[in-house]
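Observations on chain architecture
These are the residues of each chain, in order.
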Amino acid sequence: MFELVGRRAAILSYRFGMADGVSVTAAQWLTTLRALGMQVHTVAGAGRADVMVPGLSLDAQRPPPRRSLAAALDDVDVVIVDNVCSLPVNRQVGEAVAAYLAGRPAVLRHHDLPWERERYADILDWPPIDQRWTHVTINELARRALGDRGIAATTIYHGFRDRPCPPEHRDRVRRRLHVDGDGPLVLQPTRAIARKNIAVGLALTAALGGTFWLTGPAEDGYQRELDALLQASPVPVRRRLPTGVAMSCAYAACDAVVLPSSWEGFGLPLIESALHRRPIAVGDFPVARELAEYGFRWFSATDPESLRAWLADPDPGLLDHNEAIAREHFGMDALRRRLGLLLSGAPMCHHSGSASDRGNGACDCVTG
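Now for a look at the structure at hand. These figures come from a predicted structure and were not determined experimentally.

Concerning the state of the cysteines
- Taken as a whole, this structure holds 1 disulfide when the rule is applied.
- Disulfide pairing is shown between C165 and C249; the S-S distance is 2.1 Å. Judged by the sign of its S-S torsion, about 85°, the bond between C165 and C249 is right-handed. One end of the pair, C165, is in the loop between β7 (153–155) and α5 (168–176); the other, C249, is in helix α8 (residues 247–253), and 84 residues separate them in sequence. The pair C165 / C249 is uniform in exposure class, with both members buried.

Regarding the sheet that holds strand β10 (residues 237–239)
- Pairing within the open sheet is parallel, and its 6 strands lie in the order β10-β9-β8-β11-β12-β13. Either end of the sheet is taken by a strand with one partner, and the two such strands are β10 and β13 (299–300).
- When strand β8 (residues 185–188) meets strand β11 (residues 256–259), the two strands line up parallel, connected through 2 bridges. Within the sheet, the bridge partner assigned to L187 lies in β11 and is V257.

Some words on the packing of helix α6 (residues 198–208) against helix α11 (residues 304–312)
- At their nearest, the axes of α6 and α11 sit 9 Å apart, and the two run at 45° to each other. In terms of orientation, α6 lies oblique with respect to α11. The two elements α6 and α11 cross, and the hand of that crossing is right-handed. Counted together, L204, A207 and L208 of α6 and P304, L307, R308 and L311 of α11 form the full contact between these two elements.
- Of the residues that constitute the contact of α6 with α11, the class distribution is 6 nonpolar, no polar and 1 charged.

A look at α6
- What α6 keeps buried is the set I198, G201, L202, L204, T205 and L208. Buried residues of α6, seen end-on, are gathered within an arc of 160° and therefore sit on one face of the element.

Describing the sheet that holds strand β3 (residues 51–52)
- Taken together, 7 strands build an open sheet; the order of strands is β3-β2-β1-β4-β5-β6-β7 and the sheet is parallel. The two strands at the open ends of the sheet, each matched to only one other strand, are β3 and β7.
- The sheet contact formed by strand β1 (residues 8–16) and strand β4 (residues 78–82) spans 4 bridges and is parallel. Residue pairing for β4: A9 is matched across the bridge by V78.
- Across the face of the sheet, helix α1 (residues 21–35) comes into contact with β1, β2 (39–47), β4, β5 (106–110) and β6 (133–137) while running at roughly 170° to β1.

Section: unusual backbone geometry
- Cis geometry marks the peptide bond from W126 to P127, where omega comes out at 10°.
- Within the secondary structure, P127 sits in the loop between β5 and β6.
- The phi dihedral of H178 is positive, around 60°, even though this residue is not glycine.
- Tracing the chain through its elements places H178 in the loop between α5 and β8.
- Residues other than glycine seldom take positive phi values, yet D220 does so here, at roughly 55°.
- Among the structural elements, D220 can be located in the loop between β9 (211–214) and α7 (223–231).

Brief notes about the pattern of salt bridges
- Tallied over the entire structure, the rule returns 19 salt bridges.
- With a shortest N-O distance of 3.6 Å, D77 and R8 are connected by a salt bridge. One end of the pair, D77, is in the loop between α2 (66–73) and β4; the other, R8, is in strand β1, with 69 residues separating them in the sequence.
- Residue D77 is classed as partly exposed on the basis of its relative accessible area, which comes to 29%.

Overview of helix α13 (residues 332–344)
- Its 13 residues give α13 an end-to-end C-alpha distance of 18 Å, which sits within 8% of 18 Å, the value for a rise of 1.5 Å per residue.
- For α13, every residue scored as buried is listed here: M332, L335, R338, L339, G340, L341, L342 and L343.
- Packed against the buried residues of α13 are α1, β5, β6 and β7.
- Trailing α13 by a residue or two, G345 shows a phi angle of about 80°, which is positive.

Re the packing of α2 against helix α3 (residues 91–101)
- At a minimum axis distance of 10 Å, the contact between α2 and α3 shows a crossing angle of 60°. With respect to α3, the axis of α2 lies oblique. Crossing geometry of α2 relative to α3 is assigned as right-handed. Here R66, L69, A70 and L73 of α2 come into contact with α3, specifically with A96, V97, A99 and Y100.

Looking at the environment of W115
- Here W115 is to be found in the loop between β5 and β6.
- Exposure remark for W115: the relative accessible area of 23% places this residue in the partly exposed category.
- Distance from W115 to A145, taken between C-alpha atoms, is 9.1 Å for residues 30 residues apart in sequence.
- When neighbours within four sequence positions are excluded, W115 is seen to be in contact with A121, W126, P127, A145, L146 and R149.

Parameters at a glance
- Residues numbered from 1 in each chain as written.
- Predicted model: local features only at pLDDT ≥ 70, side-chain atom pairs only at ≥ 80, totals over all residues.
- Heavy atoms only, no water.
- Disulfide = S-S within 2.5 Å.
- Helix = DSSP H or I, 4+ residues; strand = E, 2+ residues; numbered from the N terminus.
- Buried < 20%, exposed > 50% of the residue type's maximum accessible area, 1.4 Å probe, protein only.
- Pairing = 2+ DSSP bridges.
- Axes fitted to C-alpha atoms, helices over the stretch in contact; angles between N-to-C directions.
- Parallel < 35°, antiparallel > 145°, perpendicular 65-115°, else oblique.
- Left-handed = near helix turned anticlockwise from the far one by under 90°.
- Contact = heavy atoms within 4.5 Å.
- Nonpolar A, V, L, I, M, F, W, Y, C, P; charged D, E, K, R; others polar.
- Arc of directions from axis to C-beta.
- Salt bridge = Lys/Arg side-chain N within 4 Å of Asp/Glu carboxyl O.
- Expected span 1.5 Å × (residues − 1).

See below:
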């Protein structure tokens, strides 16, 4: 269909196989590209990847030498760079990758950009650019911001595969968490860093009289603050995923989801909660407002009373509504179409068909 059969690609990032958004959505692209007939391997400096390259990790003291990048990437037709050339967490690594890719076909997929983080806001010469590279953002906000800086980009939203957990696993997971039937189990499926607003998730749970479950690790030096929050918590707290428990079963085990962040590049739980048919309370961050234009019905993370009322008298219609939107606009079929157009060079629009750019749920200027 898109003449991609047999073409070779590599997806490169600092790390893969983790619970962070880059790892999760890189796996979505890997599955989709292989479904399009491409031969794909992953390259990273940490975690789990097909090819491990010392010097590519977030904490690498020295960048990878060109010969190491060449050994991993010389035989591919296109390199997809996930965030290494986006947020300059380890700029010397990004510069090494950019230097190697100069003049070669590459897709730079941007999950985060410098001006979105206070600590990098004064960096004006990043991300790097090259005539052979295509820039992809995961939201319209970032695409427009790149455009304001003279960098043309295309928005491709994430594509989600619905893999429901067997219903009987709900009780099994709750038993492993030692959660009884008193009060809702409120899931915050995020890492523990400052912008995830753990305190708001705890406050919501307290107002609901529930148990708070935070699945991700503490990062970015947040462990001490997290420990203080959890020690002072007025509600029972559960941490991390039990061994062998998939995230889909975490959604099955919970009664409600909370994503109280002040900032997200996307916010995977917004879609995952819909596909797993759980109500979600959401913080007022910009990309949530962007995605809400599709018609999702969410609760406010700072207004527990409306969620409490829903839990007392659940309306399946809300879950049906959110699930239908997620399947239509954020499923794997939509991702496959967009990636096929992008990599085949077929005509396509710069945006992802967001509600602000289309009237009927479809992107009218995508062709091919």
